[in-house]
Amino acid sequence: MTDMRLIVVGAGGRMGRTLVKAIAEHQGLSLAAAVEAKGSPLVGQDAGVLAGIAPLGIKLSDDIGSSAANADGIVDFTIPAATVVHAELAAQNRLVHIIGTTGLEAQHEDKIAEASRHTVVVKSGNMSLGVNLLAALVRRVAMSLDQDFDIEILEMHHNKKIDAPSGTALLLGRAAAEGRNIDLGQRSVRTRDGLTGARHAGDIGFAALRGGTVVGDHTVIFAGPSERVELTHKAEDRMIFARGALKAAQWAKGQKPGLYSMADVLGLSGF
C-alpha cells in the first residue's frame, strides 16, 4: 500500500515543525511538501533540518499550488485567512483537509463548509485524542447536571498565543452547550470586570490565562451547591496534536465529502 502524501502548511512554525517530525516517524505517511508564507526567511531550508531530524530533501516552498497534484491531503495549523485559501485549494484538487487552525470566525467557517461539499474536511479546535474524549465527557456531564451547576471553563497557554478563549476552550464550551441544549453564542460570558452583577443561571463562563511556555491546560468546572465536579486536561507536548491530526488524516482518506470533527474520527459522536 502506498503512503498517504501530506502537505504541511505553516511548516516553519512550532506546530508545523512538529507535524513534519511526526509524519517522518509515522508508518504509512509521507511528506509531500512543506509550505510557508510568501516572504518567509525559512523558504528554501530543508524541512527535516528545521524539524530537528535528518534532512528530508524537501525544502520549504511558498507555492502550495505546485504541490497539490502530488498530494493526498493538507494538514493546516495556520491562521484563518490562510486556512480558507487552503480549503479552496483542497476542494479544487479533492485533497483531504485537516484543520487545526483556531480563531476562525463565521465568514471563515462558511467558506470551509462550502469547501467540504467537494472534499473531506476534518476540523477541530484541538486535535488531541485526550481533549476530544474530554469534550465527550463534558457533554455527558452537562446533560446529567441541571442548571444548579454553573459551568466555568479555565484555560492557560504560552505567552505567544494570539487568540482567546482558546479553540479548545470553545470546543469544550460547545460540548457543554450541546449537553444543556442551549446556544453557546447566546449564553457565553467571555469577560468580567467591575460591577458585573450576579452570575446568570445557565451561562457558560470563560477565563483565559497566558504565560511562560504552557502548551495548554484546560479545566471545565461544574460548580453546584456545596460541591464541584472538575474535568481537566493538561497538554505536555505539541506532538499530541500532531498525532491526532495524522490519525484524522488517515481516517479521512476514503470518507465521503463532508465536514467532520474529531468526535467522528474517534467514534464519539453518539456518546
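Structure: see above.
None of the values given here were measured: they were computed from a predicted structure.

Novice: Tell me what's going on with the environment of Leu95, and back it up with residues and numbers.
Specialist: One can find Leu95 in the loop between helix H3 (80–93) and strand E4 (96–99). When the C-alpha atoms of Leu95 and Ala201 are compared, they prove to be 45 Å apart, with 106 residues separating the residues in sequence. Among residues more than four places away in sequence, those in contact with Leu95 are Ala68, Ala71, Asp72, Gly73, Ile74, Ala90, Thr119 and Val120.

Novice: Can you tell me about the nonpolar core, naming the residues and giving the values?
Specialist: A general feature of soluble globular proteins is that nonpolar side chains tend to end up buried together. Core analysis: the biggest nonpolar cluster contains 38 residues, and Leu6, Leu19, Leu31, Phe77, Ile98 and Val122 have the highest contact counts within it. Elements with a minimum of two residues in this core: strand E1 (4–9), helix H1 (14–25), strand E2 (29–35), helix H2 (47–50), E4, strand E5 (120–123), helix H8 (239–252) and helix H9 (262–266). Per-element accounting of this core gives the leading share, 8 residues, to H8. Every residue in contact with Val122, bar those within four places of it in the chain, is listed here: His97, Ile98, Ile99, Met127, Ala248, Trp251, Ala252, Tyr260, Ser261, Met262 and Val265. Phe149, Ile153, Leu184 and Leu231 belong to the second largest nonpolar core, which has 20 residues in total.

Novice: Explain the packing of aromatic side chains to me, and be specific about the residues and the numbers.
Specialist: Inspection of every chain in the model, using the stated rule, returns 1 aromatic pair. Here Trp251 and Tyr260 contribute two aromatic rings whose centre-to-centre distance is 5.1 Å and whose plane-to-plane angle is 80°, an arrangement assigned as edge-to-face. Under the relative-accessibility criterion, Tyr260 is labelled buried at 19%. Over the ring of Phe206 we find Arg190, and its NZ or CZ is 5.5 Å from the ring centre.

Novice: I'd like to hear about H1, residue by residue, with values.
Specialist: For H1, with 12 residues, the first-to-last C-alpha span of 17 Å sits near the 16 Å given by 1.5 Å per residue. When H1 is considered as a whole, its buried residues turn out to be Met15, Gly16, Thr18, Leu19, Val20, Ala22 and Ile23.

Cut-offs used in this document
- Residues numbered from 1 in each chain as written.
- Predicted model: local features only at pLDDT ≥ 70, side-chain atom pairs only at ≥ 80, totals over all residues.
- Heavy atoms only, no water.
- Helix = DSSP H or I, 4+ residues; strand = E, 2+ residues; numbered from the N terminus.
- Contact = heavy atoms within 4.5 Å.
- Core = buried A, V, L, I, M, F, W, Y, C linked by side-chain atoms within 4.5 Å.
- Buried < 20%, exposed > 50% of the residue type's maximum accessible area, 1.4 Å probe, protein only.
- Phe/Tyr/Trp six-rings, centres within 6.5 Å; stacked < 30°, edge-to-face > 60°.
- Lys NZ or Arg CZ within 6 Å of the ring centre and 35° of its normal.
- Expected span 1.5 Å × (residues − 1).

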